[in-house]
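# Breakdown of the fold
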Amino acid sequence: MPFLKGKSILESRCRNLENSSKKNGLRHAVFAPPKDKYVGQWRDNIKSGKGYLLSRSGQLYEGDWERGYRHGFGVLGVKNDKDVVLLLYKGEWKNGRMHGIGARHYPDGSYYLGNWKNSKRHGYGQMWYANGSFYDGFWVKDKKEGWGMFVRPDGNRYEGSWKEDHKDGRGRFFHLDSGQLQSGIWKRDVCCFSSIFDIPFRQNAVEGTPYPVQCVELEKPEELCQRRDLDISLGKFYSCASLRVWV
């Protein structure tokens with residue numbers, strides 16, 4: 001009886017032809033959309049498995065695919081005017097975005113190695129800048145956030161807290177050119193309160209100070225913090241409660 005036939009028998013001829021035309025397995029070259037060339041594996045008409053894609057813009061991706069997205073490990077590059085492929089990113093992907101651990105080469109010569117989330121630097125990572133500076137620390141949505149160390153091109157460096165790509169909170173700045181150490185509180189790259197000490201190798205610095213820094217201490221640091229906290233309540237200044245650690 002017709003209603004007892006199996007599902008495959010009941011399927012129309014058009015549906016059978018459509019299923020048979022679906023791309024599955026390895027395909028040598030598929031051009032879609034125009035000028036985009038994909039060579040690799042398919043599953044039910046969707047890129048899935050290993051393959052590489054050369055786009056009309058000159059970008060070349062080779063690696064893992066899943067559900068039509070870059071997913072897994074892959075390498076992304078771009079062709080220049082001399083038809084040479086320059087490396088842009090090498091690392092992990094998730095749903096078409098850089099996600100996980102990876103290395104990124106920037107057009108200006110800068111280089112980043114670390115964690116990514118949704119194609120943004122997120123988590124722990126190291127950044128080598130084109131001007132010679134270096135950052136080692138944590139990131140949130142492509143901005144320095146949390147603890148980090150930043151080394152300037154002249155060798156002087158900052159170690160401490162960051163917020164929204166700015167030095168913010170407790171930190172230490174090593175003036176290696178003059179042989180001094182500055183410890184204090186920063187707010188959006190501005191040092192608001194600090195103490196300066198001589199580093200033991202001050203005399204070996206490039207431009208060491210002729211005389212050592214005199215040891216100067218506050219007589220009543222607790223009263224100072226109380227006054228600053230009062231100013232905070234009046235909306236005049238930011239909190240300096242953590243200054244007690246540095247005084």
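Residues numbered from 1 in each chain as written. Predicted model: local features only at pLDDT ≥ 70, side-chain atom pairs only at ≥ 80, totals over all residues. Heavy atoms only, no water.

## Digging into the environment of D165
Within the fold, D165 resides in the loop between β12 (157–163) and β13 (166–175). Distance from D165 to D189, taken between C-alpha atoms, is 9.1 Å for residues 24 residues apart in sequence. Excluding anything up to four places from it in sequence, D165 contacts K143 and K144. A distance of 3.0 Å separates the side chain of D165 from the backbone nitrogen of K144, its partner in a polar contact. (Helix = DSSP H or I, 4+ residues; strand = E, 2+ residues; numbered from the N terminus. Contact = heavy atoms within 4.5 Å. Polar contact = N/O pair within 3.5 Å; in protein donor to acceptor, adjacent residues only side chain to side chain.)

## Quick word on the side chain of K144
Relative to the helices and strands, K144 resides in strand β11 (residues 143–151). A distance of 3.3 Å separates the side chain of K144 from the side chain of Y129, its partner in a polar contact. When residues no more than four places from it in sequence are discounted, the contact partners of K144 are Y129, Y135, F138, W139, F150, W162, K163, E164 and D165.

## Observations concerning the nonpolar core
Among the nonpolar cores identified, the biggest contains 20 residues, and L76, Y89, W93 and Y135 are the most heavily contacted of them. When contributions to this core are tallied by element, the ones reaching two or more residues are β2 (37–43), β4 (59–66), β6 (85–94), β8 (111–117), β10 (134–140) and β12. Among the elements that take part in this core, β6 stands out by supplying three residues, more than any other. For L76, the residues in contact, after removing those within four places along its chain, are Q59, L60, Y61, R70, L86, L87, L88, Y89 and W93. (Core = buried A, V, L, I, M, F, W, Y, C linked by side-chain atoms within 4.5 Å. Buried < 20%, exposed > 50% of the residue type's maximum accessible area, 1.4 Å probe, protein only.)

## Here we look at the environment of R170
Structurally, the position occupied by R170 is in strand β13. Overall, R170 belongs to the partly exposed group, its relative accessible area being 39%. Taking the C-alpha atoms as reference points, R170 and G160, ten residues apart in sequence, are found 5.9 Å from one another.

## Re the packing of aromatic side chains
For the coordinates displayed, the defined rule picks out 17 aromatic pairs. Here Y38 and W65 contribute two aromatic rings whose centre-to-centre distance is 5.5 Å and whose plane-to-plane angle is 85°, an arrangement assigned as edge-to-face. One end of the pair, Y38, is in strand β2; the other, W65, is in strand β4, with 27 residues separating them in the sequence. W65 carries the same exposure label as Y38, and that label is buried. Plain terms: the ring middles of Y129 and F150 are 6.2 Å apart, the flat faces sit at 65° to each other, and that makes the pair edge-to-face. Taken together, the positions of Y129 in the loop between β9 (120–128) and β10 and F150 in strand β11 put the pair 21 residues apart, joining distant regions of the chain. The partly exposed category is assigned to Y129, whose relative accessible area is 23%. One Lys or Arg, K144, reaches over the ring of Y135 and ends 5.5 Å from the middle of that ring. (Phe/Tyr/Trp six-rings, centres within 6.5 Å; stacked < 30°, edge-to-face > 60°. Lys NZ or Arg CZ within 6 Å of the ring centre and 35° of its normal.)

Structural measurements only, silent on function.
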